[in-house]
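# Geometric and topological summary
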Amino acid sequence: MTEALLEPTEWVAHVCVFSGLAHLDRAFDYLVPDQMTADVHPGVRVRVKLAGRLLDGIVLAVDHDRQAGVTLRPLERVVSAEVVVTAEQLAMARAVAGRWAGTLEEVLRWAVPTRHAATEKAEPRPWPVPRPADIPGALEALDEGSQYLNLIARGGRPRAFWRVAPVAGPADRDRLGDWRLGVIQVVSATLESGRQGLCCVPTVAQAEALAASLGEAFGAGTVAVLHADQSTADRWRNYLAVVRGQASIVVGTRSAVLAPMTRLGVIVVWDEGSNLHDDPRAPYPNARDVAALRAQTDQCALLLAGYSCSPRVAGWLDSGWLAGIQTPRGRLRALCAPVRAPGDSEIAIQRDPLATRVRLPDLVMRTISQGLLQGPVLVCVPRPGDLIRPCCADCREPIGCPVCNGPVKGRRLAGGQTELECSWCGHRIDGWSCAHCGGTVVRSGVVGASTTAVELGRSFPSVPVIDSSADHIRAEVGDEPTLVVATPRAEPRAVSGYAAAILLDAGQALARPGLDAVCQVLDHWFQVASLVRSGDEDGQLVVVAPPQDRAVQAMIRNDPVGWAQVEMAERAEAQFPPAAFAALIDGSTQAVEAAAERLGTRLSEAGLAEGQVSLLGPVTPEGGQPTGPGSGLSQSAQSRLVIRADTSLSAQLVPMLRTLRSDHSLRGEGGPLRVRINPVGQL
């Protein structure tokens, strides 16, 4: 009894301190002063001192567990008694940090928005209870989709990929191309089971549009929206509604996938293959992959959806981890606009021998002419602008700055004049003449949207031309004949769908370097296809690219899943992610070389043979050494190290990579060091 009475009774708070240092990725212990005892709970914000600095932190646990003989500092103050991180959210944050070689602090910074004190102290507004919604079509019109909804409504947790039909217009009577309606149906089934729904989309515009659709279906004010374009007050108000258990429906961009929902029933990720789901900050997680991890951790349903399909999802479909929901092939063929490529048959070559060599072949001009008779026509080009990479019109020699030899940008002025200016030093080039041939006429090395709009405007002088790109994006166009020239993600929506769409310079897009380049191109192409009217309404789509290319054939067959499955099989054979484990270490040359040496030592200590783990590098990638005015020549050269191995070794390799970050942070060696796990878009 006497010994028990003499045991320490002080409360100890175990705090995740936001230090910004990887080697301090652990809980720090602080005494809880008596006057703070009532306010300190797991999940609250506090201020603490660490190494003489006053820092923010999140309380992870409060107990009497302390190390004997160690004097603890007290907490400086409680920022707020409001619990902003739930136990389930904390467990998920640890899982994300463990999967992507990150720190708990990095994940919590990603998941928890900036605090707004006035909003937190204000009286919370009433949060309406969502009313049920029963709207036919979309998923309910498909056999697999109807089964999926029934399982969720009964409290199940099925996992599926919904390949949405790429079609627009009134001919889609069952609304098989309306992804927002499908999300409404999934959320409605989840609410019917007494659980909550979480929806993650790649862009702010899609988040706002989906939130408006859900609010219309379930009642105004029932949806909590979370994205970076919100004001601090609005985002914090909605986050508090989620953490307090008021909001049952959450819509947001990447970080919303970790919203603190305690009765989570389903996670929906729209456009799962978009590279916008990749977070650009450490630990660089992908929202789709985090959703899949959370579906397992929180034991909830999962719906990944898109007009296209990523290789990652194709692998999950092949393994049976995901079920597939698709429109039957015959129905899809009759519903969607047919896709053609110039020179796709011997007859087409005979009709237009230059079909595969010119930028605007006869098929493109005929399709535009026919489409303008019925409504608007969309022409997609990869780049915005007018004079991109200006060059001499006579000899095609690129124009360089006479002062610093930097790249030159230009724009056309009224009267046929051209204005040239250096992108590096800002020098204006007046009276330019080519040093090689003496020519004075400037042309664009790469044809952009503005140039294309001018050229097509000359060919169709009686039709209005709209340029939607860069800083002049058009949201919507009517049904009258209009020629719309747009860049990726700037395509306006047509009220009743486009009569035709042209994908110009598609072959150049396919030639871009990068492991994920073709996947992103296909994702964009099917997004464009979803804006075109049905084949029953004479909708047409033309892809100006080699017809024999596998990606073009996937468009013609309307089969992105088949393309993704073949792509996944090829990546497995070549040991590329996501079929194999890969990690990318980049940073200053000194830091990367030191990391490579330590990693080699640890691999030897772990008994991993050279054939099991491949270390490629370190190398200096193209453009790794900063050059040119204003680029910071004092910076050290950048190097890169790629690690590849079988996926079964990821559980051993990820902790090693986390240790590399800690060692680098502890020693403060020569510049930054980044570690990214399975960085498909960076290879």
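Throughout this description, residue numbers start from 1 for each chain and increase along the sequence as written. Since the coordinates come from a predicted model, pLDDT governs what is reported: local features require at least 70, and pairs of side-chain atoms require 80 or more to be given and counted, while whole-chain, interface and lining totals use all residues. Computation of side-chain values: all heavy atoms of the structure, hydrogens and water removed.

### Digging into empty space enclosed by the protein
- Definitions used for this entry: grid spacing 1 Å over protein atoms alone; cavity, a set of points where a 1.4 Å probe fits but cannot get out; pocket, an open set with protein on both sides within 12 Å along at least 5 of 7 lines; lining residue, one with an atom within 4 Å of a point. Grid points are joined across faces, edges and corners, and a volume is the space filled by probe spheres set on the points. Across all of its chains, the model carries three cavities of 30 Å³ or more by this definition.
- Its volume calculated, the largest cavity comes out at about 80 Å³.
- Contributing to the lining of the largest cavity are R340, P342, G343, A348, R351, D352, A355, P361, D362, L363 and R366.
- Secondary structure elements follow DSSP: runs of H or I of four or more residues count as helices, runs of E of two or more count as strands, with numbering from the N terminus. Of all the elements in the fold, those that place two or more residues in the lining of the largest cavity are α12 (346-351) and α13 (362-372).
- In terms of residue count, the dominant contributor to the lining of the largest cavity is α13 (three residues).
- In this classification, the charged set is Asp, Glu, Lys and Arg, the nonpolar set is Ala, Val, Leu, Ile, Met, Phe, Trp, Tyr, Cys and Pro, and all remaining amino acids, among them Gly, are polar. In terms of residue class, the lining of the largest cavity is built from five nonpolar, one polar and five charged.

### Concerning the environment of R411
- Within the secondary structure, R411 is located in strand β16 (residues 408-412).
- Remark: exposure states derive from per-residue accessible area (1.4 Å probe, protein chains only) relative to the maximum for the residue type, with buried under 20%, exposed over 50%, and partly exposed in between. Assessed through its relative accessible area of 46%, R411 is described here as partly exposed.
- Residues R411 and S450, spaced 39 residues apart in sequence, show a C-alpha to C-alpha distance of 9.9 Å.

### Thoughts on the sheet that holds strand β29 (residues 673-677)
- At least two bridges found by DSSP between two strands is the condition for calling them paired. Pairing is antiparallel in the open sheet, where four strands are placed in the order β27-β28-β26-β29. The open sheet has two edge strands, β27 (613-619) and β29, and neither has a second partner. Across the sheet, the mean angle from the axis of one strand to that of its neighbour is 15°, orientation sign disregarded.
- Taken together, the eight bridges between strand β26 (residues 581-588) and strand β28 (residues 638-645) define a ladder with antiparallel strand orientation. Along β28, the bridge assignment pairs A583 with I643.
- Working rule for contacts: check all heavy atoms of both residues, and any pair within 4.5 Å makes them a contact. The axes used here are C-alpha line fits, helices contributing only the stretch in contact, and every angle between their N-to-C directions lies in the interval 0 to 180 degrees. Across the face of the sheet, helix α19 (residues 589-605) comes into contact with β26, β27, β28 and β29 while running at roughly 140° to β26.

### Considerations on the sheet that holds strand β10 (residues 264-270)
- Judged by pairing direction, the sheet is parallel, and its seven strands sit side by side in the order β8-β9-β7-β10-β11-β6-β12 without closing on themselves. Among the strands making up the open sheet, the edge pair consists of β8 (223-226) and β12 (323-326). With strand direction ignored, the average angle separating the axes of adjacent strands in the sheet is 20°.
- Relative to β12, strand β6 (residues 159-163) is paired through four bridges, and the arrangement is parallel. Paired with A160 across the two strands is A323, which belongs to β12.
- In the packing of helix α5 (residues 143-153) onto the sheet, the strands contacted are β6, β10, β11 (301-306) and β12, and the crossing angle to β12 comes to about 125°.
- Along the sheet face, helix α9 (residues 287-297) touches β7 (196-200), β10 and β11 and points at about 160° away from the line of β10.

### Quick notes on the packing of helix α6 (residues 179-192) against helix α7 (residues 204-218)
- Their axes nearest at 10 Å, the elements α6 and α7 cross at an angle of 50°. Compared by their axis directions, α6 and α7 come out oblique. For α6 against α7, the interelement crossing comes out right-handed. Within the contact between the two elements, α6 uses W179, R180, V183, I184, V187, S188 and L191 and α7 uses Q206, A209, L210, S213, L214, A217 and F218.
- Among the residues making up the contact of α6 with α7, the classes are represented as 10 nonpolar, three polar and one charged. The scheme is simple: roughly parallel for angles under 35 degrees, roughly antiparallel for over 145, roughly perpendicular for 65 to 115, oblique for anything else. In a left-handed crossing the near helix is turned counterclockwise from the far helix by less than a right angle, and in a right-handed crossing that turn is clockwise.

### Let's talk about the side chain of R45
- Residue position: R45 is located in strand β3 (residues 44-50).
- Residues scored as charged are limited to Lys and Arg (positive) and Asp and Glu (negative), so that His and the chain ends carry no count. Salt bridges, as used here, are contacts in which a Lys or Arg side-chain nitrogen is within 4 Å of a carboxyl oxygen on Asp or Glu. No salt bridge is formed by the buried R45; its nearest oppositely charged neighbour, D56, is found at 5.5 Å.
- Within 3.5 Å is the distance limit for a polar contact, defined as a pair of N or O atoms, with the added protein rule that one can donate a hydrogen and the other accept it, and that residues adjacent in sequence qualify only through two side-chain atoms. Looking at R45, its side chain comes within polar contact range of the main-chain oxygen of P113, at 3.1 Å.
- Filtering out sequence-adjacent residues up to four positions away, R45 remains in contact with G57, I58, V78, V79, S80, E82, V84, V112, P113, R115 and W236.

### Re helix α2 (residues 87-99)
- In a regular helix each residue adds 1.5 Å, so 13 residues correspond to 18 Å; α2 covers 19 Å between its end C-alpha atoms and thus fits that length.
- Turning to α2, its buried residues number three or more, namely Q89, L90, M92, A93, V96 and A97. Around the axis of α2, the buried residues are gathered within 160° of arc, so they sit on the same side.
- Summarising the contacts, the buried residues of α2 are in contact with β4 (53-63), α3 (104-111), α8 (232-243), α9 and α20 (650-667).
- Just downstream of α2 lies A101, where phi reads positive at about 55°. A helix's residues, less one, multiplied by 1.5 Å, set its expected span. Directions from the helix axis toward the C-beta atoms define the arc.

### Things to note about the pattern of salt bridges
- Inspection of every chain in the model, using the stated rule, returns 32 salt bridges.
- Through salt bridges that share partners, D516, R550, E567, E570 and R571 make up one connected network.

### Re the packing of aromatic side chains
- Two rings belonging to Phe, Tyr or Trp (six-membered ring only in the last case) form a pair when the distance between their centres is within 6.5 Å. Interplanar angles under 30 degrees mark stacking, angles over 60 mark edge-to-face geometry, and anything in between is tilted. Throughout the structure, instances matching the rule amount to four aromatic pairs.
- Look at W179 and W270: their rings are 4.4 Å apart centre to centre, the planes differ by 5°, and that puts the pair in the stacked class. Residue W179 is found in helix α6, and its partner W270 is found in strand β10; the two are separated by 91 residues along the sequence. For the pair shown, W179 and W270 are each scored as buried.
- Ring geometry for W236 and Y239: centres 5.5 Å apart, planes at 15°, overall stacked. Placement of the pair is W236 and Y239 together in helix α8, with a separation of three residues, close to one helical turn. Note on accessibility: W236 and Y239 belong to one class, buried.
- By the ring-pair criterion, three or more aromatic residues cluster together here, those being W179, W270 and Y307.

### Thoughts on the layout of surface pockets
- Approximately 730 Å³ is the volume found for the second largest pocket.
- What lines the second largest pocket is a set of 32 residues, among which R109, V112, P113, T114 and R235 lie closest to the centre.
- Taken together, the elements giving at least two residues each to the lining of the second largest pocket come down to β4, β5 (77-83), α3 and α8.
- Element by element, the count of residues in the lining of the second largest pocket is highest for α3, at five residues.
- Its residues placed into classes, the lining of the second largest pocket shows 13 nonpolar, eight polar and 11 charged.

### Focus: the confidence of the model for the protein
- The quantity known as pLDDT measures the predictor's confidence residue by residue, on a range of 0 to 100. Here the protein shows a mean pLDDT of 90. Residues at 70 or above account for 94%.
- When the criterion is pLDDT under 50, residues 1-6 qualifies, and its contacts beyond four places in sequence or with other chains add up to zero contacts.
- Confidence over residues 623-635 falls short of pLDDT 50; this stretch has 16 contacts with residues more than four positions distant or in other chains.

### Examining the nonpolar core
- Counting residues in hydrophobic clusters, the biggest one holds 158 residues, and the most contacted among them are L214, W525 and L657.
- Other than its neighbours up to four places away in sequence, L214 contacts I184, V187, C199, G219, V223, I249 and V251.
- Ranked by size, the runner-up nonpolar core spans 19 residues in total, among them A453, F460, L483 and A500. In these notes, a set of buried Ala, Val, Leu, Ile, Met, Phe, Trp, Tyr and Cys residues joined through side-chain atoms within 4.5 Å is what counts as a nonpolar core.

### Some points on the pairing of strand β25 (residues 540-543)
- Here two bridges tie strand β13 (residues 339-340) to β25, and the two strands are oriented parallel to one another. Bridging from a neighbouring strand, R340 pairs with V542 of β25.
- As paired elements, strand β24 (residues 500-503) and β25 share four bridges and run parallel to each other. Counted as the bridge partner of A500 is Q540 from β25.

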